[in-house]
Every structure is written in C-alpha cells, then in structure tokens.
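Understanding the architecture of this molecule
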Amino acid sequence: MEDSKLLRLLHKDPSTGMEQLMNQYAGLVYAVVKGKLAESFCVSTDIEDCVADVFSEFYTELDKYDPKISSIKSYLCVLARYHATDVARKRERQRGDVSLDDEDSLLQIADDFTVEGDLAEDELRREVLSALKGLGEPDSSIIIRKYYFGESSKEIADVLKLTVSNVDMRTHRALNKLRKLFGGKEV
Amino acid sequence: MKKKLNEIFDEAKPQEFDQFSDELNAPELPDEVLASVKGKVYAKTNLKKEVKTTKSVWLRFGAIAACFLLIVSAVIVVPMLREEDIGIEPYIPNGEPWSPIIDSSVRDIVLSADDVGNVFDAVMDSNGTNQYTQIYTSLPEYLGITPLPNAEFLPIYSTNKTTPSKSELIDFIAEYLDSATEFFGINEKNYEIKKDEMWNGDAFFKAEVSENKKGVRFTARNNSLYFHYYSIGERRLEINGGKVSILESDTDEQIKEKLENTITYVCNSFGKHYTDIKICRDYSYQQLKTITVYLYSTEETIFPSNFSKEPMTSDYISLTFYTDWGSGTYCNWGGSKEEAFLSDVSLYQTSQKWNDYYKIDSKAKMLTLEEAEGLLEKGYVFGGHSCPLCMAAQPEVDFSDYTCVDIEYVSDENGNMCIPFYAFYKHIGKNEYGIDTYAKTYVPAVQVSGYEEYFESQKDNHKNNWYVDEVG
C-alpha cells in the first residue's frame, strides 16, 4: 500500500492501519534491528521486543512523522536503527567486559572500513550515502545488506543469486572505491 | 575525520535513506514471529487486534461483482449483521431547528457529484463497508442529531485555518499558568516554548510544566490555544482532593446532577462562567471509551456545529471521563468496572472567531427530505469508496425505514469545501458487546448534478482500490 493511503488508514482506523503497516514492514524492521544486534549477544526475544518498540513508537508518535520529508519505509529504518543501537549499548554495558570506547572490539563488531575527509559531518554522511547509491546494483545492495542488515556473504549470495566469492570480491572493490572517493587509502 | 560505515548508517536521517528504496528489502517474517511482534505492539499501544472479517466471503463477493456490471440499489433485503433487530422506533430529536444566516449577495451554485464525492476519503471503511459506515451508541439521543433546518438554501463553506502565534501562546500561558498548576497540583512553573509539526507539515507551538510523572501541556494549534492535563501511570485526576467518577450507564441528566459541584469548582478555578453543557460519548472500537462533558456558552455563529457534534465552535472547558475499558489494561482503575473516572480537564480558547474560520463561499438550494429519500432509493449515496461494484458486494441495508435523519456538514481534509448532507441512520442490531449499531449513509442535502456519470466513473476506481487489489 502506498504511503498516502497507509497514512490515511492509520489516522482513520489505527487498528487496521497498524495491522497493514506491520504486514508491510515488519520483515524490514526486523532485518535492520537484527543487523545491529547480531553481534551484541542479543537473543531473538530481544530483537522481537525491539521491533515491537519501533512500531509502538511510530504509532504513539505518529504526529511527528512528516511524509514530505521521507517515506514511511525510510522513517521506520531510522527508528529501528536508533532503537537497536540503544539496546546494543545496554547489552554491552550489562556484559561489562566490552568497552564502548574499545576500538578493537568495535572493529570486531563493525567492519574496519573508515572514511577520511575534511567535510562537515552531515555533508560527509550525505556524500557517503550518495556515493554508495552511485555504486549501482548489485554493489549498493551488497553493502546495505552487509553493513546495514548485518547479513553474511552466504546470505547475501543466496538472495542476490551470486556466488559467495563474487559477493566478497564486490564488497572489497566497492569499499575501496568509496575509500578512494573520500581520501582514504585502498586496502 | 574518520568515520565508520556503521556510524554513517547510525546517524543517517530518514530522507537520506529514501534513495535506497530498492535496496531496503527484506523477506517477510515467519507467521509465528510476526504474530509475536504484533501481540507485543498491541499490548504496548492498547490497540485492539483487528477482528478479521470473513475475508473469504469478500473474495467470493469480489469475484462475483467483478463479473457483472451492477448498478447500486439500496433497497432490497434486510439482513441483520449481528443480533436480531429489537425494533427501535423512529427517533425525532427535540429542540429548535437551525436557521442558516446567509447574506443576500452570496451566489447560488449547483454542485457536481465530483465535488461531493471528493470530500470523502476514497478508502474502504474499516468496518468492511463503503456504502455506509457503522455507528455505535447506547441510545439514539446520543447520536447528537438535531431537528432539520427549514430553509430554502444551505451555505457551502470553506475553512480559513489560522495557527496562533508563539506570542499568543506566551500570553495564554501567562494568563493560566498559576491557576492550571494549582488546580492540577503541580509546583513546577518553568517551561520552554517548542515548535513541533503535525503529520501534515503544519507547524505549531507548545510548552509544558511537569513533575512526578504528571504535567500540564499548553498548545497553540488548529485555531485554538488550550491546555490539558496528562499523567504517566495513574490516570485518575483528583479534584479538590478527591477522585471524580460517573457511571457508564448514567443519562445526561444524571451526569449533570452528579457533577454540579465539580463543574462549579472547575469554572471558578479558571475564572469562567458558562451557560450550557453538552455531553458526548465516544464509542471507538465498538465500546464506550470516553464520556466528555463540554462547558460552553452558546454564541451566534453561522455554523451549526455546536448544536450537535464536535468540534466545538466556541471557547469551552471539557472534562473527560475514561471508562474501565477505555483506560487501557495497564491503568488498573480498581473499583467497579461500570465507573468512568475523570482523567483530564482541558480549557480551550479559540484564537479566531468561528465566523472567520467558516467562510460562506456560496449557497445551494436545499433538497426536501422527500427528494433526499428519492436519492437514497436510487442508491446515490456517499461516504467513501463509491464504486458500484464494491458497494454491490456489501451486505445490504434497507434504509427505506430509517430510524432518524440529520443534516451534517462534511469537509475535505484541506477544508476547501464543506458541504451539507442528509445523514440517514438505520438501526441494524447490536454488536458483540451489546451496543446498538446503526448503519449511517450520506445523501447530498443540496442540488447536485451528474450523479449517473459520477457513479459510472467510479468503476474505474475499482481497480485502484487497495482492498480490492489485495483480495484480487
């Protein structure tokens, strides 16, 4: 269902609207949350709770969503990432033996890809995302799946109908391309 | 500067993700996981889980309707949707009919059926019908209908919405901060004015004072300056040291009698004196959720909204009572399940007189009730998706012996056109909670041209209707 119709339904009949919203986007929100929580020692119920929090917040703060600024899909992805980051930090603090400032542990959780540049933070982010889009398919999908959804090369290969080695090679080349664009060094 | 790709994703804004619409795809969740997530969402938000209608029935009706071109007729069979009809007598409201005041210089027009159809959302009603909606209420008196106007012409309005300014909000807070915080038992006086946005992009200003999980919120929005109380956890509001309650089954007269002292106390607390009381009952989700008591004084306006339904068109104070069901499972009312407790007292001050808000653009010749009944018989009804194919697939309701009728103005979402309709109500039984159910349908109350062409053209919309697409 397109966003304008979904939004009208959410306002006119919240129960039906939320049912439709979750049917449409629960899979995506789950993937985003799982991608962030996969390395944070979270169990499936943590992921489900987090997904539920995302939809609950979307509903209770519906007045804050502005369809002129973004699609519902993008808005939910950002909410999901935000909630998942919060849960990940709490879990890591609970574990006690992982410091958020520990660069090595962060490298273990996230890729060691970094971007160097003199651009202001917001502008840098927009440039990176734009460049990521500019990689074209299937590279942009591979990067999104790997670093946003946290999928493995095998999972990505299955979905995109590629071989695992092809996925790894494309990932390596795409990251080098991005590094080069932003003044970093190729690896 | 160094940045990890994951940090880039963490900090990205929604509009920056729109470009990845194609890449942001994920498989559907397994049924049991989806069901688990939904259950948690419903528990957190207190939304009722959608009761699925017999979708397979819709599939059968949809398939049959798609094979035939049917012209709508609203009069054939009388099936009961739930229990047997208990035989509600026709209801005729008391009171004086409204007399519209229209300047002689206002032009005459004849509306087109397209104009009329466009004031309604073209989505299927959640009750599974689009030829009529379902309304729930305990007594026909609670439908809020009034005597039909006796007029040759009815006004067609447009709306002129103005949001109060930040300085107006500041003045409003200055006027009521002390009385409101004292009334609600809040010692905090510090506040900060913030700017916020509605889902439709309209900006507005707000401020709040809060302590110990309760507070007062001051807002400037939708032509009004207002404040209301909120609390997290305990939702019962104490007045003068005691909780205030009424029974769900109380009549309007019983409510007025029980609340006489409370109303006096509330008005005196804010330096107000009102002459009228209106009581509205909200039957959201088919059960009684809230009872709201409006205190106001009748003002002469060109718009009759104060006569029957929300929104109010003059300054007012409202007292909102939540029923045990309406309060939510996590609130733990305690006590009798039949009591509705006071949860909020709000004060509204319209920043703009309603004669400025509703502007009479034109006038149109009013149809007599007999003429409107003729349109009803032909099936020229409005209220949502008007495709004859979909309407023919619905359980039919015989409106020829309708229970009551009202004049109701309906506006499109932008307020460009506000049009009068005859709203026909037909009692069709009781729902699963024992609440009387009415089918409600709209017929234009003024002259309209192009009915046949309009309903024929709606068949094109049949393919574009999301619900039809879903069921094929």
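Conventions we followed
- Residues numbered from 1 in each chain as written.
- Chains lettered and ligands numbered in written order.
- Predicted model: local features only at pLDDT ≥ 70, side-chain atom pairs only at ≥ 80, totals over all residues.
- Helix = DSSP H or I, 4+ residues; strand = E, 2+ residues; numbered from the N terminus.
- Buried ≥ 20, exposed ≤ 12 C-beta atoms within 10 Å, placed from the backbone.
- Axes fitted to C-alpha atoms, helices over the stretch in contact; angles between N-to-C directions.
- Parallel < 35°, antiparallel > 145°, perpendicular 65-115°, else oblique.
- Left-handed = near helix turned anticlockwise from the far one by under 90°.
- Contact = placed C-beta atoms within 7 Å.
- Nonpolar A, V, L, I, M, F, W, Y, C, P; charged D, E, K, R; others polar.
- Pairing = 2+ DSSP bridges.

What about the overall build of chain A?
- Within chain A one finds nine helices and one strand.
- Sequence-ordered secondary structure for chain A, helices as α and strands as β, is α-α-α-α-α-β-α-α-α-α.
- Relative to its full complement of 187 residues, chain A shows a buried share of 37%.

Observations concerning the packing of helix 2 (residues 14-37) of chain A against helix 3 (residues 44-60) of chain A
Residue and element names in this part refer to chain A.
- Helix 3 packs onto helix 2 with a crossing angle of 135° between their chain directions and a minimal axis gap of 9 Å. Taken as axis vectors, helix 2 and helix 3 run oblique relative to one another. Between helix 2 and helix 3 the crossing geometry is right-handed. Residues Pro14, Met18, Leu21, Met22, Ala26, Val29, Tyr30, Val33, Lys34 and Leu37 of helix 2 pack against Asp46, Ile47, Cys50, Val51, Val54, Phe55 and Tyr59 of helix 3.
- Residues that form the contact of helix 2 with helix 3 fall into these classes: 15 nonpolar, no polar and two charged.

Here we look at the pairing of strand 15 (residues 339-350) of chain B
Residue and element names in this part refer to chain B.
- In this structure, strand 8 (residues 224-231) lies alongside strand 15, joined through four bridges in antiparallel fashion. Bridge assignment links serine 224 to a residue of strand 15, and that residue is threonine 350.
- Where strand 11 (residues 245-247) lies against strand 15, three bridges are found, and the strand directions are antiparallel. Within strand 15, the position partnered with leucine 247 by the bridge is glutamate 339.
- Pairing geometry for strand 14 (residues 316-322) and strand 15, over seven bridges, is antiparallel. Residue pairing across strands places tyrosine 316 opposite tyrosine 348, the latter belonging to strand 15.

A short note on the pairing of strand 19 (residues 436-444) of chain B
Residues and elements named next belong to chain B.
- When you tally the buried positions in strand 19, you get nine out of nine residues, the bulk of the element.
- Burial along strand 19 is two-sided: the residues Asp436, Tyr438, Lys440, Tyr442 and Pro444 and Thr437, Ala439, Thr441 and Val443 are all buried.
- Looking at chain direction, strand 3 (residues 133-137) and strand 19 are connected through five bridges and run antiparallel. Among the inter-strand pairings, glutamine 134 is bridged to a residue of strand 19, identified as alanine 439.
- In this structure, strand 18 (residues 418-430) lies alongside strand 19, joined through nine bridges in antiparallel fashion. Pairing of tyrosine 425 across the sheet is with lysine 440, part of strand 19.
- Counting the residues between successive antiparallel strands, the hairpin from strand 18 to strand 19 contains five residues, one of them, glycine 434, with a positive phi of roughly 80°.

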